[in-house]
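# Coordinate inspection notes
These are the residues of each chain, in order.
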Amino acid sequence: MTARMPWQAEGWRGWVDAAAGIDPAACLAAAAGDVGRASRHARTLSLSAPGGALFVKTYPAPGGWRAARALRMGQALAGAGLAAPEVVAAARRGGAGLLVMRDVGGEDLLAAVARRRARPGEKRALLRRLGAEVARLHRAGFVHGDLVPPNVRVVGEGFIFLDNDRTRRSRLLVGLVGRRNLVQLGRFVVPGLTLSDRARVLAAYAAGRGLSRRTHRRLARWLVAKTVARRCAVDRIPEAAAARAGFRELMRSGGPFDPEAVA
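The following paragraphs examine the structure supplied in this document. This structure is a prediction, so every number in the text was calculated from the model and none was measured.

### Focus on the pairing of strand 11 (residues 158-161)
As judged from the four bridges shared by strand 10 (residues 152-155) and strand 11, these two strands associate in the antiparallel manner. In the strand pairing of strand 11, valine 152 is matched with phenylalanine 161. Between strand 10 and strand 11, which follow one another and run antiparallel, lie two residues, and glycine 156 among them has a positive phi close to 65°.

In structure tokens, the structure reads:
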């Protein structure tokens, strides 16, 4: 259990894991300026520390509340038997926020799939486990805020969900918008991922949720339509061109609609 020690400096107030051996002020100093990876709501920086690699995430005002939610949701996920990064420091200053987490290790989901291209049995097993894990996430009442592949780490036989600052826990929301997580997860063109592989993820998810065959088929049709719409919106693909090409060609790695191939 984390031994929290109060911490404050230069208007920041929060806590730090007494056993982590880190200085939140040094983390803030390292994250200052245009370093690390920026998103709409935060900036993330990887740091080396005596106890292992860390990820420092800073939330500019007024988004500091996201740090508190990420911490709360991470704890809730762990309490439900799901995996999330371990937080070793958290603080607020006005509307800004800070979160320091241990690097969970493992590999990015996209890299894990690509690395198994030549071992189809391993790839299929990985994808079935993925579908089952997303079903478990939803059965526990969680909806992830941005379940894109970079936010899923593969560690051993399991998965760790990252970026939980928009994750929410509500069984009502699971019923209303939970399936959007499947669109977020599936809208990427992935080398080595076939249409059958995508069906395997969905079949494992449907089995994990106890969906009937009819509901499974209806979900599959909805997922294809929403994935096409999302790809058209994000990658600026004309809807008419997507309709002519079809879903298989739209999602084919190395094809005319692959952002990496076009780039």
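### Focus: helix 7 (residues 195-209)
The end-to-end C-alpha separation of helix 7 is 21 Å, in line with the 21 Å expected for 15 residues at 1.5 Å each. Within helix 7, the full set of buried residues consists of Asp197, Arg198, Val201, Leu202, Ala204, Tyr205 and Ala206. Buried residues along helix 7 sit in contact with helix 4 (120-139), helix 6 (180-186), helix 8 (213-235) and helix 10 (247-250). Positive backbone phi, approximately 70°, marks glycine 210, located one or two places after helix 7.

### Quick notes on the packing of helix 4 against helix 7
Each pair of packed helices can be summarised by the angle the axes make with each other and by the distance between the axes. Taken N-terminus to C-terminus, the directions of helix 4 and helix 7 make an angle of 40°; their axes are 7 Å apart at the nearest point. Where helix 4 crosses over helix 7, the two elements pack in a sense that is right-handed. From helix 4, Lys123, Arg124, Leu127, Arg128, Gly131, Ala132, Val134, Ala135, His138 and Arg139 reach across to helix 7, where they touch Asp197, Arg200, Val201, Ala204, Tyr205, Gly208 and Arg209. A class-by-class count of the residues in the contact of helix 4 with helix 7 yields seven nonpolar, three polar and seven charged.

### What about the packing of aromatic side chains?
In this description, a pair of aromatic rings is defined by centroid distance and the angle of the planes. Counted according to the given criterion, the structure contains zero aromatic pairs. Over the face of the ring belonging to tryptophan 15 we find arginine 4, whose NZ or CZ atom lies 4.1 Å from the ring centre. The aromatic ring of tryptophan 222 is capped on one face by arginine 179, whose charged end is 4.0 Å from the ring centroid.

### So, the sheet that holds strand 6 (residues 87-93)
Hydrogen bonds along the backbone pair up the strands of a sheet, which may run parallel or antiparallel. Spatially, seven strands are ordered 1-2-6-7-5-4-3 in an open sheet, and the strand pairing comes out antiparallel. Edge positions in the sheet fall to strand 1 (4-9) and strand 3 (37-38), since each has one partner strand and no second. Relative to strand 4 (residues 43-47), strand 3 runs antiparallel, the two being bridged by two bridges. Pairing of alanine 38 across the sheet is with arginine 43, part of strand 4.

### Observations concerning the pattern of salt bridges
What the rule picks out here adds up to 14 salt bridges. Aspartate 197 is paired through a salt bridge with lysine 123; the nearest N and O atoms lie 2.6 Å apart. On the criterion of sequence distance, the pair formed by aspartate 197 in helix 7 and lysine 123 in helix 4 is long-range, its members being 74 residues apart. Considered together, aspartate 197 and lysine 123 belong to a single accessibility category, that of buried residues. Salt-bridge contacts for arginine 231 lead to aspartate 235; the nearest nitrogen and oxygen are separated by 3.0 Å. With arginine 231 and aspartate 235 both in helix 8 and four residues apart, this pair spans about one turn of that helix. Overall, the relative accessible area of 0% leaves arginine 231 in the buried class. Taken together, the shared-partner salt bridges in this structure form one network comprising Lys57, Asp163 and Asp165.

### Describing the nonpolar core
One broad rule of soluble globular proteins: the nonpolar side chains tend to lie buried together. If you look at the biggest cluster of nonpolar residues, it comprises 31 residues, and the most contacted ones within it are Leu109, Leu130, Phe142 and Val152. Listing elements by their share of this core, those giving two or more residues are helix 2 (65-79), helix 3 (109-115), helix 4, strand 10, strand 11, helix 6, helix 7 and helix 8. Looking at this core element by element, the count peaks at six residues for helix 4. Not counting residues up to four positions away in its chain, the partners in contact with phenylalanine 142 are Met73, Ala76, Leu77, Ala80, Leu82, Leu137, Thr167, Arg168, Arg169 and Val174. Judged by nonpolar contacts, the second largest core, of 17 residues, contains Ile22, Cys27, Ala31 and Ala91.

Calculation rules
- Residues numbered from 1 in each chain as written.
- Predicted model: local features only at pLDDT ≥ 70, side-chain atom pairs only at ≥ 80, totals over all residues.
- Heavy atoms only, no water.
- Pairing = 2+ DSSP bridges.
- Helix = DSSP H or I, 4+ residues; strand = E, 2+ residues; numbered from the N terminus.
- Expected span 1.5 Å × (residues − 1).
- Buried < 20%, exposed > 50% of the residue type's maximum accessible area, 1.4 Å probe, protein only.
- Contact = heavy atoms within 4.5 Å.
- Axes fitted to C-alpha atoms, helices over the stretch in contact; angles between N-to-C directions.
- Left-handed = near helix turned anticlockwise from the far one by under 90°.
- Nonpolar A, V, L, I, M, F, W, Y, C, P; charged D, E, K, R; others polar.
- Phe/Tyr/Trp six-rings, centres within 6.5 Å; stacked < 30°, edge-to-face > 60°.
- Lys NZ or Arg CZ within 6 Å of the ring centre and 35° of its normal.
- Salt bridge = Lys/Arg side-chain N within 4 Å of Asp/Glu carboxyl O.
- Core = buried A, V, L, I, M, F, W, Y, C linked by side-chain atoms within 4.5 Å.

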